[in-house]
Amino acid sequence: MADRPVASAAPKQPGESGLLGAAVTPPSGRRRSNRFGRPSFLDRAPFSMLPFIGRQRWHLLTRRDKLILAIMVGIPLVLDVALIWGSVLVDALWSLTDWHGFGAMTGGGPSHQFVGLDNYIQLVSGTYPFFWTAVVHNVFWLAFLMFVATPLGILMAVILDGKVKGLVIYRTVFYIPVVLSLALIGIIWQLQYAPDSNRGWIDSVLAWLGYSHPVVFGLDIPFVKDIPFVGQWCRDVSQTDWVGGPLAIIPTVIAASWRHVGYITILYLAGLQAFDPTLREAAAIDGANARQTFFKVVFPVMKPINIVIVVITTIEALRAFDLAYITNGGRSPLELLSTLITNNALSESTRVGFGSAIAIVLAVVSLVPIVTFLLMTMREEKQ
Amino acid sequence: MSDEAVTPDEAAAPTEPSLKPSEAAARALLNHVEFDLIEAADRAAKAREEASAAERAARCQKSPVKTRARIKFRRIGLYAFLISITCVWLMPLLVAVYEALRTNSDVVRNGIFSIPESLTFDNFITAWGSTEPSFPQAYINTMVVTIPAVIVVLIIGSMVAYAISKYSWKANLLVLMLFTAGNLLPQQAIILPMYRLFSTHLLPWLFTDNGGTLLYNQYIGIIVIHVLFQLGFVVFVLSNYMKALGNEIIEAALMDGAGVFRIWAGIVMPLCKPAVAAMATLQFTFIYNDFFWALTLMSTQDKRPITAALNTINGQYYTNYNLLAAAALLAAVPTILVFLALQRYFISGLSLGSTKG
């Protein structure tokens, strides 16, 4: 049986591969404690059992190098895990108590008792009415961003990806809100929503059209009045201002979208510009029109970015805090899960146990998109 | 086919003497088939191209004017959409600028859509001095927090990214996930223990100006929390970037006796300059824009950074929208300037986080 001979026996260049590197003596006089030499204490148990003793390049490192690497990762990792993930754990423990003991450590009072799942039951059963309202608000926030703002951002990215005159202007206009803080956006939109036809431009336009703020949403219009959900909203809005009625969440989430659309446009445009043009050419040759090309070719290929966008949108919706807080302190009618946490445990009252239970709900819900995203990234990484 | 069934010309093939005859035959067959397939695909593609070209030509022939008109119409529609939506997007900022330049009584009297009686910078001047904290103080507070936080988070983040992307550990993926997930968690989910931890009298014997807390109501505390929270994002983006760099240069440096720290400082960081610049721009805006941490972990008004100060200003000027607009614009100016100057870095920073992720 004649096997193929080795193609070439030429010596490989040093540094070409990690494995060969070990066989070549380093030119310097530094002693390398590689696996062929004297084992370092890091190679011995229990260190050898540490999961992070790998193979690649590891044997090239001196004891000192390994120590430096361990410090480089170890200290930030320990702090990150202890403070962020430890906080979640502490939240979980506190959520099982009725602790009110904020403020001075000694003056907390006796109320630090284990109450089991009482806090959660109180949340779910509706004895604390704000919880379900907040959940609805967060869900609405998410739905609006996901099904209105995000598609609009993608549409803008697709348009700006084509040949458009004055691209820089459109792009800049859409990107500027992205660099503004949400608190600032809350203030800027207060100016828009000012409930007076002399102040807010929305009401001014309405006045110019012949309506005053209460009339356009008032009870005078029989058709609108009779629509179950909308009619109620119109009645409520007509009593107060845009961000004061029970459905103030709608104007608020529109303000949030002002920023979110630009954010999505940036992300999606980056993806589109990295898109393989031959695929699009192929689609064009096959006679696909612009819409077909986008939905059948571009969109599926952009799956990694689509995932990132869905995750970012979800996280943004769960994190929503600043806008509601700057508008009315995150109280009703703008309560969100995030503002309930601070309002219950940091400002008005100090129901730490109860606030922690809400924090745990928020954390657990957030972990769903986070874990999904990370698992998908990991799968990609392994391929 | 077995070894015995050797055709003479295959056995005598001089070009590949080491090849097993059976293998040679299989290869020849395969080549042929492959060639056929490629040829067929070529022909099909050519035919399709011709067909679609013909179709297009036919379509144009049928109604060249109509098609051109339709394209033109579509173009106009596109621009109408773009321009109108851009106007809508610009509206809130324009309204803010317009209000800030006019006096309160002017707007109350004439409405927002009116020719201003006079344009004035008085609102900016009033807002600059009369807020609580005053604007110069708030800017200083912001910078005292933002600049160290950005520098520290970039240094630590790049070290972690370097260590987990350039040296293969079994758990490096897990480490990366822990950091990234920590950054994605809502801040409000961890605020209660953080608040408690920050306001603990860590060193009772050390008397600070805040009754003994080292972190609560201290600039250093806000810096620490920013570094901790933003670390995940920096590590995620930079490790993706570093993975794309070649390993050869690092191996060569290791062989030459450079330590890991020197490689980080002398080789990896210079190579990562574009990514680090992008991250610096992005982190600056993120930390500058922070509202939540400063609001909850900084209790003295005079020490609050600009965005958290906006909350106070908002309450202070509730009745005077013109002053409020001026204050909001003053707070917005630094980030808008940074964005306009470093737009490229800002955008590439955001896309670095998403395109490879």
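Residues numbered from 1 in each chain as written. Chains lettered and ligands numbered in written order. Predicted model: local features only at pLDDT ≥ 70, side-chain atom pairs only at ≥ 80, totals over all residues.

**Q** Would you mind going over the overall build of chain A in detail, with residue names and values included?
**A** Scanning chain A from N- to C-terminus turns up 17 helices and zero strands. The buried share of chain A, reckoned over its 383 residues, is 38%. For chain A, the share of sequence-separated contacts (at least 6 apart) that also reach a separation of at least 24 residues comes to 61%. (Helix = DSSP H or I, 4+ residues; strand = E, 2+ residues; numbered from the N terminus. Buried ≥ 20, exposed ≤ 12 C-beta atoms within 10 Å, placed from the backbone. Contact = placed C-beta atoms within 7 Å.)

**Q** I'd like to hear about the overall build of chain B, residue by residue, with values.
**A** Broken down by element type, chain B carries 16 helices and zero strands. Out of the 357 residues belonging to chain B, those deemed buried represent 40%. Looking at chain B alone, contacts between residues at least 24 apart form 73% of all its contacts between residues at least 6 apart.

**Q** Which residues make up the packing of helix α14 (residues 306-316) of chain B against helix α15 (residues 321-341) of chain B, and what values go with them?
**A** All names here are of chain B. Running from amino to carboxyl end, α14 crosses α15 at an angle of 180 degrees, the nearest separation of the two axes being 10 Å. With respect to α15, the axis of α14 lies roughly antiparallel. Where α14 abuts α15, its residues Ile-306, Thr-307, Leu-310, Ile-313 and Asn-314 lie against Leu-324, Ala-327 and Ala-331. Considering only residue class, the contact of α14 with α15 consists of six nonpolar, two polar and no charged. (Axes fitted to C-alpha atoms, helices over the stretch in contact; angles between N-to-C directions. Parallel < 35°, antiparallel > 145°, perpendicular 65-115°, else oblique. Nonpolar A, V, L, I, M, F, W, Y, C, P; charged D, E, K, R; others polar.)

**Q** Give me the confidence of the model for chain B: which residues, what numbers.
**A** Residues and elements named next belong to chain B. Looking at chain B, the pLDDT average stands at 80 and 78% of residues meet or exceed 70. Taking the mean pLDDT of every element in chain B, the minimum, 46, falls on helix α1 (residues 8-11) and the maximum, 93, on helix α6 (residues 135-166). Long-range and interchain partners of residues 1-17, a stretch whose pLDDT sits below 50, account for ten contacts in this model, where long-range means more than four residues apart. Two numbers describe this predicted complex: its pTM, 0.79, and its ipTM, 0.77. (pLDDT = per-residue confidence, 0-100.)

**Q** Can you explain helix α7 (residues 172-184) of chain B? Please cite residues and give values.
**A** For the α-helix, the turn length of 3.6 residues means that residues three or four positions removed from each other point alike. The terminal C-alpha atoms of α7(B), which comprises 13 residues, lie 18 Å apart, in line with the 18 Å expected from a rise of 1.5 Å per residue. Listing the buried residues of α7(B) in full gives B:Asn172, B:Val175, B:Leu176, B:Met177, B:Phe179, B:Thr180, B:Ala181, B:Gly182 and B:Leu184. (Expected span 1.5 Å × (residues − 1).)

**Q** Describe helix α16 (residues 337-345) of chain A, with residues and values.
**A** Among the nine residues of α16(A), nine are classified as buried, and the element is accordingly described as predominantly covered. Buried residues of α16(A): A:Leu337, A:Ser338, A:Thr339, A:Leu340, A:Ile341, A:Thr342, A:Asn343, A:Asn344 and A:Ala345, and no others.

**Q** An account of unusual backbone geometry is requested, with residue identities and associated values reported.
**A** Looking along the chain, the bond that leaves A:Ser332 and enters A:Pro333 is cis, with omega of 10 degrees. With respect to the helices and strands, A:Pro333 occurs in the loop between α15 (322-328) and α16. A positive phi angle, near 60 degrees, is found at B:Asn217, a position not held by glycine. With respect to the helices and strands, B:Asn217 occurs in the loop between α8 (191-198) and α9 (219-244). The partly exposed category is assigned to B:Asn217, around which 19 C-beta atoms lie within 10 Å.

**Q** If you had to explain the packing of α9(B) against helix α12 (residues 273-288) of chain B to someone new, which residues and values would you point to?
**A** Residues and elements named next belong to chain B. Here α9 crosses α12 at 155 degrees, and the two axes come no closer than 11 Å. Between α9 and α12, the crossing angle belongs to the class labelled roughly antiparallel. Crossing handedness for the pair α9 and α12: right-handed. Taking contact as the criterion, the partners of His-226, Gln-230, Val-234, Val-237, Leu-238 and Tyr-241 in α9 are, on α12, Ala-275, Met-279, Gln-283, Phe-286 and Ile-287. (Left-handed = near helix turned anticlockwise from the far one by under 90°.)

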